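Close look at the chain arrangement
Residue strings, one per chain:
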Amino acid sequence: LQLAWQQLVEVLPGFSPIAIGSVVLIVATGIYGAVTRLGSPGELLSTGFGRVLIIKLAAVGGMVVLSYLTAFRTRPALKVAMVKKLRVQWPLAANLRRLLLWETSVGIIVVVATAVLSAYPLPGLIKSSLAAAGAAPGPSRQVGTGPPRFSLAQRAEDVLVVVGMGPAEPGK
(Lines give C-alpha, C1' and ligand atoms only; values in the text may rest on other atoms or scores of the structure.)
Protein backbone atom coordinates (compact mmCIF):
# COMPACT_ATOMS: atom_id res chain seq x y z
CA LEU A 1 0.00 0.00 0.00
CA GLN A 2 1.02 3.58 -0.41
CA LEU A 3 2.99 5.18 2.38
CA ALA A 4 0.15 7.66 3.06
CA TRP A 5 -2.27 4.83 3.94
CA GLN A 6 0.31 3.22 6.16
CA GLN A 7 0.88 6.51 7.97
CA LEU A 8 -2.85 7.08 8.30
CA VAL A 9 -3.37 3.64 9.83
CA GLU A 10 -0.52 4.28 12.29
CA VAL A 11 -1.47 7.85 13.27
CA LEU A 12 -5.28 7.55 13.70
CA PRO A 13 -5.18 5.39 16.85
CA GLY A 14 -3.48 8.22 18.73
CA PHE A 15 -6.52 10.43 18.14
CA SER A 16 -9.10 7.81 19.19
CA PRO A 17 -9.02 8.47 22.98
CA ILE A 18 -9.32 12.23 22.39
CA ALA A 19 -12.11 11.73 19.85
CA ILE A 20 -14.07 9.33 22.07
CA GLY A 21 -13.81 11.67 25.06
CA SER A 22 -14.81 14.65 22.95
CA VAL A 23 -17.84 12.86 21.50
CA VAL A 24 -19.01 11.79 24.96
CA LEU A 25 -18.65 15.37 26.23
CA ILE A 26 -20.39 16.88 23.20
CA VAL A 27 -23.29 14.41 23.37
CA ALA A 28 -23.70 14.99 27.13
CA THR A 29 -23.73 18.78 26.74
CA GLY A 30 -26.06 18.45 23.74
CA ILE A 31 -28.55 16.42 25.77
CA TYR A 32 -28.34 18.95 28.60
CA GLY A 33 -28.83 21.81 26.12
CA ALA A 34 -31.86 20.15 24.54
CA VAL A 35 -33.47 19.46 27.91
CA THR A 36 -32.95 23.04 29.08
CA ARG A 37 -34.01 24.65 25.80
CA LEU A 38 -37.12 22.63 25.01
CA GLY A 39 -40.13 23.23 27.21
CA SER A 40 -41.46 19.69 26.68
CA PRO A 41 -40.62 16.56 24.66
CA GLY A 42 -43.55 17.40 22.36
CA GLU A 43 -41.62 20.43 21.12
CA LEU A 44 -39.23 18.07 19.31
CA LEU A 45 -41.95 17.51 16.72
CA SER A 46 -44.06 20.65 17.09
CA THR A 47 -41.35 23.29 16.57
CA GLY A 48 -38.85 24.00 13.83
CA PHE A 49 -36.09 24.01 16.45
CA GLY A 50 -37.11 20.51 17.57
CA ARG A 51 -37.28 19.11 14.04
CA VAL A 52 -33.82 20.46 13.16
CA LEU A 53 -32.56 19.06 16.47
CA ILE A 54 -33.88 15.62 15.46
CA ILE A 55 -31.95 15.88 12.17
CA LYS A 56 -28.81 16.85 14.07
CA LEU A 57 -29.25 13.99 16.55
CA ALA A 58 -29.70 11.49 13.70
CA ALA A 59 -26.57 12.84 11.97
CA VAL A 60 -24.53 12.65 15.18
CA GLY A 61 -25.75 9.06 15.67
CA GLY A 62 -24.71 8.28 12.09
CA MET A 63 -21.28 9.76 12.73
CA VAL A 64 -20.87 7.60 15.83
CA VAL A 65 -21.70 4.46 13.82
CA LEU A 66 -19.35 5.46 10.97
CA SER A 67 -16.58 6.31 13.44
CA TYR A 68 -17.01 2.95 15.15
CA LEU A 69 -16.74 1.13 11.81
CA THR A 70 -13.64 3.14 10.92
CA ALA A 71 -11.81 2.92 14.25
CA PHE A 72 -12.70 -0.57 15.42
CA ARG A 73 -13.37 -2.57 12.26
CA THR A 74 -11.85 -1.30 9.03
CA ARG A 75 -8.66 0.40 10.28
CA PRO A 76 -7.53 -2.57 12.44
CA ALA A 77 -8.29 -5.01 9.59
CA LEU A 78 -6.30 -2.85 7.18
CA LYS A 79 -3.38 -2.70 9.61
CA VAL A 80 -3.33 -6.52 9.92
CA ALA A 81 -3.55 -6.90 6.13
CA MET A 82 -0.65 -4.46 5.66
CA VAL A 83 1.55 -6.23 8.22
CA LYS A 84 0.81 -9.65 6.72
CA LYS A 85 0.94 -8.25 3.16
CA LEU A 86 -2.45 -9.77 2.34
CA ARG A 87 -4.21 -9.15 -0.97
CA VAL A 88 -7.20 -7.52 0.76
CA GLN A 89 -5.24 -4.32 1.43
CA TRP A 90 -6.66 -2.35 -1.50
CA PRO A 91 -10.34 -3.19 -0.91
CA LEU A 92 -9.90 -2.39 2.80
CA ALA A 93 -8.16 0.89 1.95
CA ALA A 94 -11.01 1.77 -0.43
CA ASN A 95 -13.53 0.93 2.30
CA LEU A 96 -11.63 3.11 4.80
CA ARG A 97 -11.61 5.95 2.29
CA ARG A 98 -15.39 5.62 1.75
CA LEU A 99 -16.02 5.60 5.50
CA LEU A 100 -13.88 8.70 6.01
CA LEU A 101 -15.71 10.51 3.19
CA TRP A 102 -19.09 9.57 4.68
CA GLU A 103 -17.95 10.71 8.12
CA THR A 104 -16.92 14.05 6.66
CA SER A 105 -20.20 14.41 4.76
CA VAL A 106 -22.31 13.61 7.81
CA GLY A 107 -20.11 15.98 9.84
CA ILE A 108 -21.02 18.76 7.42
CA ILE A 109 -24.71 17.98 8.00
CA VAL A 110 -24.11 18.27 11.78
CA VAL A 111 -22.40 21.65 11.34
CA VAL A 112 -25.18 22.96 9.07
CA ALA A 113 -27.87 21.74 11.50
CA THR A 114 -26.00 23.44 14.35
CA ALA A 115 -25.89 26.69 12.39
CA VAL A 116 -29.61 26.47 11.65
CA LEU A 117 -30.35 25.76 15.32
CA SER A 118 -28.44 28.87 16.33
CA ALA A 119 -30.77 30.94 14.12
CA TYR A 120 -33.98 29.51 15.61
CA PRO A 121 -35.53 31.12 18.66
CA LEU A 122 -35.58 28.69 21.57
CA PRO A 123 -39.12 27.29 22.01
CA GLY A 124 -39.08 27.03 25.81
CA LEU A 125 -37.53 30.46 26.17
CA ILE A 126 -40.15 32.12 23.97
CA LYS A 127 -43.01 30.60 25.96
CA SER A 128 -41.51 31.60 29.31
CA SER A 129 -40.77 35.13 28.03
CA LEU A 130 -44.27 35.54 26.70
CA ALA A 131 -45.73 34.25 29.95
CA ALA A 132 -43.58 36.73 31.89
CA ALA A 133 -44.81 39.50 29.59
CA GLY A 134 -48.42 38.32 29.92
CA ALA A 135 -48.65 37.54 26.19
CA ALA A 136 -49.87 34.46 24.33
CA PRO A 137 -47.38 32.32 22.37
CA GLY A 138 -46.91 33.21 18.71
CA PRO A 139 -47.96 36.42 16.97
CA SER A 140 -50.43 38.36 19.06
CA ARG A 141 -52.84 41.07 18.06
CA GLN A 142 -52.59 44.14 20.21
CA VAL A 143 -55.93 45.80 20.83
CA GLY A 144 -55.71 49.53 21.30
CA THR A 145 -56.54 52.86 19.76
CA GLY A 146 -54.21 52.44 16.74
CA PRO A 147 -54.11 49.91 13.90
CA PRO A 148 -53.65 46.18 14.68
CA ARG A 149 -50.09 45.28 15.69
CA PHE A 150 -48.33 41.95 15.77
CA SER A 151 -45.60 41.29 18.30
CA LEU A 152 -43.15 38.62 19.33
CA ALA A 153 -41.40 38.54 22.69
CA GLN A 154 -38.14 36.82 23.60
CA ARG A 155 -35.87 37.05 26.60
CA ALA A 156 -32.22 37.95 25.99
CA GLU A 157 -30.48 37.24 29.32
CA ASP A 158 -32.38 39.38 31.87
CA VAL A 159 -34.02 41.64 29.27
CA LEU A 160 -37.36 40.95 27.62
CA VAL A 161 -37.27 42.02 23.98
CA VAL A 162 -40.61 42.64 22.27
CA VAL A 163 -40.72 43.25 18.53
CA GLY A 164 -43.95 44.60 17.09
CA MET A 165 -45.16 45.39 13.59
CA GLY A 166 -48.24 47.02 12.18
CA PRO A 167 -49.43 48.20 8.79
CA ALA A 168 -47.50 51.22 7.52
CA GLU A 169 -45.53 51.26 10.76
CA PRO A 170 -41.84 50.41 11.22
CA GLY A 171 -40.97 47.67 13.72
CA LYS A 172 -40.74 48.83 17.31
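This structure is a prediction, so every number in the text was calculated from the model and none was measured. Residue indices begin from 1 for each chain and proceed along its sequence in written order. Selection of residues for local features in this predicted model requires a pLDDT of at least 70, selection of side-chain atom pairs for listing and counting requires 80 or more, and totals for whole chains, interfaces and linings are taken over all residues. Hydrogens and waters are ignored; side-chain quantities use all the structure's heavy atoms.

1. Looking at helix 3 (residues 48-84)
Every α-helix carries 3.6 residues per turn, so stepping three or four residues along brings you back to the same face. For helix 3, built from 37 residues, the straight-helix expectation of 54 Å at 1.5 Å per residue is met to within 8% by its first-to-last C-alpha distance of 52 Å. What we call the bend at a residue is the angle made by axes fitted to the seven residues finishing there and the seven residues starting there. A run of H or I in DSSP becomes a helix once it reaches four residues, and a run of E becomes a strand once it reaches two; helices and strands are each numbered from the N terminus. In the structure, helix 3 departs most strongly from a straight axis at Thr70, where the bend amounts to approximately 35 degrees. Where helix 3 ends, the next residue or the one after it, Lys85, has phi of about 55 degrees, a positive value. One less than the residue count of a helix, multiplied by 1.5 Å, gives the span that helix is expected to have.

2. As for the packing of helix 1 (residues 3-37) against helix 4 (residues 89-119)
Axis separation between helix 1 and helix 4 bottoms out at 12 Å; the angle between their running directions is 65 degrees. As helix 1 runs across helix 4, the sense of the crossing is left-handed. Here Trp5, Leu8 and Val9 of helix 1 lie close against helix 4, whose contacting residues are Ala93, Leu96, Arg97 and Leu100. Under the scheme applied, nonpolar residues are Ala, Val, Leu, Ile, Met, Phe, Trp, Tyr, Cys and Pro; charged residues are Asp, Glu, Lys and Arg; polar residues are all the others, including Gly. Tallied by class, the residues present in the contact of helix 1 with helix 4 amount to six nonpolar, no polar and one charged. Interaxial angles span 0 to 180 degrees and are taken between N-to-C directions of axes, which are lines fitted to C-alpha atoms, for helices over the stretch in contact. It is the rotation of the near helix from the far one that decides the hand of a crossing: anticlockwise by less than a right angle makes it left-handed, clockwise makes it right-handed. Throughout, a residue-residue contact means that at least one pair of heavy atoms, one from each residue, lies within 4.5 Å.

3. Comments concerning the pattern of salt bridges
Each salt bridge in this description consists of a side-chain nitrogen of Lys or Arg and a carboxyl oxygen of Asp or Glu lying within 4 Å of one another. In this structure the tally under the stated criterion is one salt bridge. Note that Lys79 is salt-bridged to Glu10, the shortest N-O span being 3.9 Å. One end of the pair, Lys79, is in helix 3; the other, Glu10, is in helix 1, and 69 residues separate them in sequence. Think of it in three bands: residues with accessible area under 20% of the maximum for their type are buried, residues over 50% are exposed, and the middle band is partly exposed, with areas taken using a 1.4 Å probe on protein chains only. Here Lys79 falls in the partly exposed class, since its relative accessible area comes to 35%. Taking relative accessible area as the criterion, Glu10 reaches 49% and is therefore assigned partly exposed.

4. Notes on the nonpolar core
Here, the term nonpolar core denotes a set of buried Ala, Val, Leu, Ile, Met, Phe, Trp, Tyr and Cys residues that are joined through side-chain atoms within 4.5 Å. Trp5, Val9, Leu78, Ala81, Met82, Leu92, Ala93 and Leu96 together form the largest nonpolar core, which totals eight residues. If you list the elements that add at least two residues to this core, you get helix 1, helix 3 and helix 4. If we skip the residues at most four places from it in the chain, Leu92 touches Thr74, Ala77, Leu78 and Ala81. Formed by seven residues, the second largest nonpolar core is a distinct cluster that contains Ala34, Leu38, Val52 and Leu53.

5. A short note on the packing of helix 1 against helix 3
Taken N-terminus to C-terminus, the directions of helix 1 and helix 3 make an angle of 160 degrees; their axes are 10 Å apart at the nearest point. As far as their axial angle goes, helix 3 and helix 1 are roughly antiparallel. When the axes of helix 1 and helix 3 are compared, the crossing they make is left-handed. Mapping the contact onto sequence places Trp5, Gln6, Val9, Glu10, Leu12, Pro13, Ser16, Ile20, Val23, Val27, Ala34 and Arg37 in helix 1 and Phe49, Leu53, Val60, Val64, Ala71, Phe72, Arg75, Leu78, Lys79 and Met82 in helix 3. Looking at the contact of helix 1 with helix 3, its residues break down into 16 nonpolar, two polar and four charged. Under this scheme an angle from 65 to 115 degrees is roughly perpendicular, one under 35 degrees roughly parallel, and one over 145 degrees roughly antiparallel; angles in between are oblique.

6. Let's talk about the packing of aromatic side chains
When two rings of Phe, Tyr or Trp (its six-membered ring) have centres within 6.5 Å they constitute a pair, described as stacked for plane angles under 30 degrees, edge-to-face for angles over 60, and tilted for the intermediate range. Applying the stated criterion across every chain, the model contains one aromatic pair. Ring plane angle 40 degrees and centroid distance 5.6 Å describe the contact between Tyr68 and Phe72, whose orientation is recorded as tilted. Of the two residues, Tyr68 and Phe72 both sit in helix 3, four residues apart, roughly one turn of that helix. We classify Tyr68 as partly exposed; its relative accessible area is 38%.

7. Some thoughts on the layout of surface pockets
Taken as a whole, the largest pocket holds about 1100 Å³ of empty space. In terms of lining residues, the largest pocket is bounded by 35 residues, among which Val23, Ile26, Val60, Met63 and Val64 are the most central. Among the secondary structure elements, those contributing two or more residues to the lining of the largest pocket are helix 1, helix 3 and helix 4. Put simply, the grid is 1 Å and covers the protein atoms alone, a cavity is a trapped set of points that fit a 1.4 Å probe, a pocket is an open set with protein on both sides within 12 Å along at least five of seven lines, and lining residues have an atom within 4 Å of a point. Grid points are joined across faces, edges and corners, and a volume is the space filled by probe spheres set on the points.

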